[in-house]
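Each chain is listed here by its residues.
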Amino acid sequence: MSDVLNEYQGPASMDKISSLAKRRGFIFQSSEIYGGQSGAWDYGPLGIELKNRIMGFWWKEMTQLHDDIVGLDAAILMHSRVWEASGHVENFTDPLVDCKKCKSRFRADQIPEENLAGKKCPDCGGELTDVRKFNLMFKSHIGALEDEANIVYLRPETAQGIYVNYKNIIQSNRMKIPFGIAQVGKAFRNEIVTKNFIFRSREFEQMEMQFFVKPGTDEEWFNEWKKRRWAFYEKLGVKIDHLRWHQHGPDELAHYARDAYDIQYLFPMGWNELEGIHNRTDYDLSRHSQFSGKDLQYIDQETNERYIPFIVETSAGLTRTLLMLLCDAYDEEKVADKGNDDDWRTVLRFHPAIAPITVAVLPLMKKDGLAELAEDIRNELKEDFATDYDQGGAIGRRYRRQDEAGTPFCVTIDYESKDNGSVTLRFRDSMEQVRVNRAELAERLRKEIKGYKRIK
Ligand code: ATP
């Protein structure tokens, strides 16, 4: 592992990230015209592209590149007994305190010990209430009657949908242990405090993979998945000195878990969890077996052994990863020395595999057939790449707009393009420009994407 930093020292701040995200159509506050719905966010045109690509990158990594992992998309609404078996009804709580004076609400484990002990509000010094347990699951009712029998919860994690389908998948797809099931989907938590933009939301998305293993091999698989998940962030080109491991201590470790590590990222507000890798033992399947009355043992066809598999879980937030990548990619760079605002550019250095727009096609001028030629080239690239087309304003301005959206490549069409079919390919990170023949453009882009190495 590399040396890690203690404090965030980069150019990003949560304010800069959230204002860029709004200005460029990555993320908007939910229901903004009504004053906003806290803890809920809408992903705009660039945001949904980015989110889909992160999801696709993870999905490919988990399923296409692993023969022993298959996918699932389970329903959000599940039988309420699922959440009794999982322990969420009883234990999925956060400790809550309120300030009697300023009415602020805090998670008791997130305020300084002395405030908690002295029952003193960290904001206004007023008196705090006793600590109460607050269940984070959103609860509703199925059908017209609002009674206990009709309770339904919005799932607070995607994992349970995987556990209850484990037998279906073994039977339908003839999976043999060890194997994994991957799922991406919405999760809902009635979080007490939601700050730091989309970091902690009430509605968010998770990318989870549950790996089913033979008891006794769990430690080995746990270490293997730790390695693979770290390598995933390396592959994405994330700043390695902004990543570290955090092992759950005895106070944090769930009672059923044998071991648990978080991958933390150094966000502008400090080190915070990005993903958890957990050895969940046979707890989940044993509980579902017990609560459903169904035998969830695995039968090894070769040895006739029967056992409840252990589960190694990798659980990452999709929307939290998106925030991490915005922070990680954000840069401000001095590119001229004329003494005005234009000397600086804001650039998102996304890996081309996840950038919302991969290539922007820009005609130098609208006239003399350059716009038509540019549109023609854009149409050609469209089938294989996420493209954008922009013909408005000075070329330098247009490059800046693409830099700010994180577009790794711009293709500029000029008079020479008309004469000899060559175009200018401009690289976002180095701002270097090279001439490429139109016929070789797509291949060159593919090569650049595959061989991308972050230089700054
Ligand atoms: P915390 O203790 O911070 O509330 P957690 O440890 O309970 O979170 P997990 O249940 O392990 O989180 O969730 C797995 C992943 O899902 C987290 O690593 C995070 O990336 C994501 N996640 C969890 N809660 C939220 C949330 N409220 N908003 C966005 N992402 C979340």
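Values in this document were obtained by computation on a predicted structure and should not be read as measured data.

Asker: Even after reading the chapter, I still don't get the site of the ligand, so can you show me in this structure?
Answerer: Contacts to the ligand come from 16 residues, most closely from Phe204, Gly276, Ser315, Gly317 and Arg320. The set of elements that each furnish at least two residues to the shell around the ligand consists of strand S10 (203-213), strand S13 (270-279), strand S16 (310-317) and helix H10 (318-329). By residue number, the principal contributor to the shell around the ligand is S13, which donates four residues. Along the lines of polarity and charge, the residues of the shell around the ligand split into three nonpolar, six polar and seven charged.

Asker: Any chance you could explain the pairing of strand S19 (residues 359-363) here in plain terms?
Answerer: A regular strand places its side chains so that they alternate between the two faces of the sheet. Along S19, five of the five residues are buried, which leaves the element largely enclosed by surrounding structure. Residues Val359, Val361 and Pro363 point to one face of S19 and Ala360 and Leu362 to the other, with burial holding for every one of them. Bridge count between S19 and strand S20 (residues 387-389): three bridges; the pairing is parallel. Following the sheet pairing, Val361 is matched in S20 by Tyr389. The parallel pair S19 and S20 is bridged by helix H11 (residues 370-382), and the resulting crossover is right-handed.

Asker: Where do I start with the nonpolar core in this structure?
Answerer: A general tendency of soluble globular proteins is for nonpolar side chains to be buried together. Counting 84 residues, the largest nonpolar core has Leu325, Leu326, Val361 and Val411 as its most contacted members. By residue number, the principal contributor to this core is H10, which donates eight residues. Counting the residues that make up this core, at least three belong to each of domain 1 (14-76 + 155-326) and domain 2 (338-450). Aside from chain neighbours lying at most four places away, what touches Val361 is Ala374, Ile377, Arg378, Leu381, Thr387, Tyr389, Val411 and Ile413. One finds Cys99, Phe106, Cys121 and Leu128 within the second-largest nonpolar core, a separate group that totals five residues.

Asker: Explain the sheet that holds strand S6 (residues 132-135) here, please?
Answerer: By definition, the strands of a sheet pair up through backbone hydrogen bonds, in either a parallel or an antiparallel sense. The antiparallel open sheet is built from three strands, whose spatial order is S5-S4-S6. Only two strands of the sheet have a single partner each, and these edge strands are strand S5 (105-107) and S6. With strand direction ignored, the average angle separating the axes of adjacent strands in the sheet is 45 degrees. Here strand S4 (residues 93-98) runs beside S6; their pairing, made up of four bridges, is antiparallel. In the sheet register, Pro95 faces S6, and the bridge partner there is Lys133.

Asker: Teacher, can you tell me more about the environment of Lys186 here?
Answerer: Inspection of the secondary structure puts Lys186 in strand S9 (residues 179-188). Residue Lys186 is classed as partly exposed on the basis of its C-beta count, with 14 C-beta atoms lying within 10 Å. Placed 131 residues apart in sequence, Lys186 and Gly317 show a C-alpha to C-alpha distance of 9.8 Å. Those residues in contact with Lys186 that sit more than four places away from it in its chain are Ile76, Glu203 and Glu205.

Rules and cut-offs
Residues numbered from 1 in each chain as written. Predicted model: local features only at pLDDT ≥ 70, side-chain atom pairs only at ≥ 80, totals over all residues. Near = placed C-beta within 6 Å. Helix = DSSP H or I, 4+ residues; strand = E, 2+ residues; numbered from the N terminus. Nonpolar A, V, L, I, M, F, W, Y, C, P; charged D, E, K, R; others polar. Buried ≥ 20, exposed ≤ 12 C-beta atoms within 10 Å, placed from the backbone. Pairing = 2+ DSSP bridges. Right-handed = clockwise from strand over helix to strand, strands pointing away. Core = buried A, V, L, I, M, F, W, Y, C linked by C-beta atoms within 7 Å. Domains from an automatic or database assignment. Contact = placed C-beta atoms within 7 Å. Axes fitted to C-alpha atoms, helices over the stretch in contact; angles between N-to-C directions.

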